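One letter stands for each residue in the lines below.
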Amino acid sequence: PVTGDKAKPPKQKMVLVGAGSAMFTQGIVIDWIKQRPEGEWEIALVDINPVILEATDKMVRRYMEAADRPAKITAAVDRRDVLDGATIVICTIGVGSRRAWEQDVFVPRQFGINQPVGDSVAPGGVSRAMRMIPPMGAIATDCDRMCPNARFINYGNPMTAVVRALWRKTNVRAVGLCHGTVDTMRWLAGFAGVPEQGITGKWAGLNH
């Protein structure tokens, strides 16, 4: 029989793989602090660059100092040190970083193919997919072995190609998310001079 308080929420562990992507990590952590889900939480930061990881760890800990109920923060260069017990895994990796991304734009341009971004479709998207899919598959395989019930969220482009590859080649049921649509709605509201709450929108497509 149930007597007294409600059942205590289970412990939650969110692992951010590619935490050195400061834009994504900052946004995710701030959103977490604003929402502050119930229960005991750990946020594990993972990045293969120890210098960037150290800076990200300090940034996140500063944010947690302002939180009413801060999460436990851990950091690791090797994802396998923290994946065990994860309930959410969020990937924001960018293989090759900005220098590789530049080549996805510059090389096709030499052949008359101009891509403003080049991270999702056409030659730039194909090049990026070839860099992204193998390591994403390795991450997903580790998740399937160490935290098979975790929700796997991917922010990395090319979004459709990466998520499709994970569904086809791994047991992880990945979900892809992109903040660009929300940002676009916010920009359109400002352009139209109306409150953000005053507009609605629907979107779909193979890009994201």
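Here, every reference points to the structure presented above.
Residues numbered from 1 in each chain as written. Predicted model: local features only at pLDDT ≥ 70, side-chain atom pairs only at ≥ 80, totals over all residues. Heavy atoms only, no water.

## Overview of the environment of arginine 151
Quick note on the threshold: Helix and strand assignments follow DSSP, with helices taken as H or I runs no shorter than four residues and strands as E runs no shorter than two, numbered in order from the N terminus. Contact definition: two residues touch when any of their heavy atoms are within 4.5 Å.
Topologically, arginine 151 is positioned in strand E5 (residues 151–154). A sequence separation of 61 residues divides arginine 151 from isoleucine 90, and the C-alpha atoms of the two residues are 8.3 Å apart. Those residues in contact with arginine 151 that lie beyond four places of it in its chain are Thr87, Ile88, Val89, Arg173 and Val175.

## Observations concerning the pattern of salt bridges
Selection criterion: One side-chain nitrogen of Lys or Arg within 4 Å of one carboxyl oxygen of Asp or Glu is enough to make a salt bridge. For every residue, the accessible area obtained with a 1.4 Å probe (protein chains only) is divided by the maximum for its type, and the residue is called buried under 20%, exposed over 50%, and partly exposed between those limits.
All told, the structure shown has 11 salt bridges when counted by the stated rule. Two residues, arginine 131 and aspartate 104, come together in a salt bridge whose shortest N-O distance is 2.9 Å. Of this pair, arginine 131 sits in helix H4 (residues 122–146) while aspartate 104 sits in helix H3 (residues 97–109); the two residues are 27 residues apart in sequence, bridging distant segments of the chain. Exposure class is identical for arginine 131 and aspartate 104. Each is buried.

## Regarding the pairing of E5
Heads up, the condition is: Each pair of strands is called paired provided DSSP finds at least two bridges between the two strands. Classification remark: right-handed applies to a crossover when, strands pointing away from the viewer, the course from the first strand over the helix to the second runs clockwise.
Here four bridges tie strand E4 (residues 88–91) to E5, and the two strands are oriented parallel to one another. What sits directly across from cysteine 91, in E5, is asparagine 154. In the sheet, E5 pairs with strand E6 (residues 175–176) via two bridges, with the strands oriented parallel. If you follow asparagine 154 over to E6, its bridge partner there is glycine 176. With helix H5 (residues 159–169) bridging E5 and its parallel neighbour E6, the resulting β-α-β unit is right-handed.

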